[in-house]
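These are the residues of each chain, in order.
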Amino acid sequence: MSSSDSSPSARRDGSSSSRPHTASGDETWLSTAELAARLKIPVKTLATWASSGRGPRYARMGRYRRYRLGDVRAWEDQRFADGGGSP
């Protein structure tokens, strides 16, 4: 057993459990809590948006919703384009 195997946060795939899963670039998957922190909104707001068909696109992975960073960025850009306020 190597020293990296004994780390409490080490996973079988070698990634840390405290980081979002990264495939490459915009294919990073965010948890609901990570997205809520990014947007500075309550987790419950994301649940409400998901149940009413609003908010960023997500995928179900078991009972969990996961948000692909590329989809989140596209949704944010669209909100910015549709938003109010002065440029």
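Here is a short report on the structure shown in this document. All figures in this text were calculated on a predicted structure; none of them were measured in a lab.

This brings us to the nonpolar core. Ranked by size, the top nonpolar core spans nine residues in total: Leu-30, Leu-35, Ala-36, Leu-46, Trp-49, Tyr-67, Leu-69, Val-72 and Trp-75. Those elements that provide at least two residues to this core are helix H1 (32-39), helix H2 (43-51) and helix H3 (69-82). When residues no more than four places from it in sequence are discounted, the contact partners of Leu-46 are Thr-32, Leu-35, Ala-36, Leu-39, Ile-41, Arg-65 and Tyr-67.

Here the structure, examined in full by the defined rule, presents three salt bridges. For the salt bridge of Glu-76 with Arg-38, the shortest nitrogen-to-oxygen distance reads 2.9 Å. Residue Glu-76 is located in helix H3, and its partner Arg-38 is located in helix H1; the two are separated by 38 residues in the primary sequence. For Arg-38, a relative accessible area of 36% puts it in the partly exposed group. When the shortest N-O distance is used, the salt bridge between Arg-79 and Asp-82 registers 3.5 Å. Pair noted here: Arg-79 and Asp-82 are both in helix H3, with a separation of three residues, about one helical turn. Relative accessible area serves as the criterion here: at 37%, Arg-79 is assigned to the partly exposed category.

Thresholds, definitions, all that
- Residues numbered from 1 in each chain as written.
- Predicted model: local features only at pLDDT ≥ 70, side-chain atom pairs only at ≥ 80, totals over all residues.
- Heavy atoms only, no water.
- Core = buried A, V, L, I, M, F, W, Y, C linked by side-chain atoms within 4.5 Å.
- Buried < 20%, exposed > 50% of the residue type's maximum accessible area, 1.4 Å probe, protein only.
- Helix = DSSP H or I, 4+ residues; strand = E, 2+ residues; numbered from the N terminus.
- Contact = heavy atoms within 4.5 Å.
- Salt bridge = Lys/Arg side-chain N within 4 Å of Asp/Glu carboxyl O.

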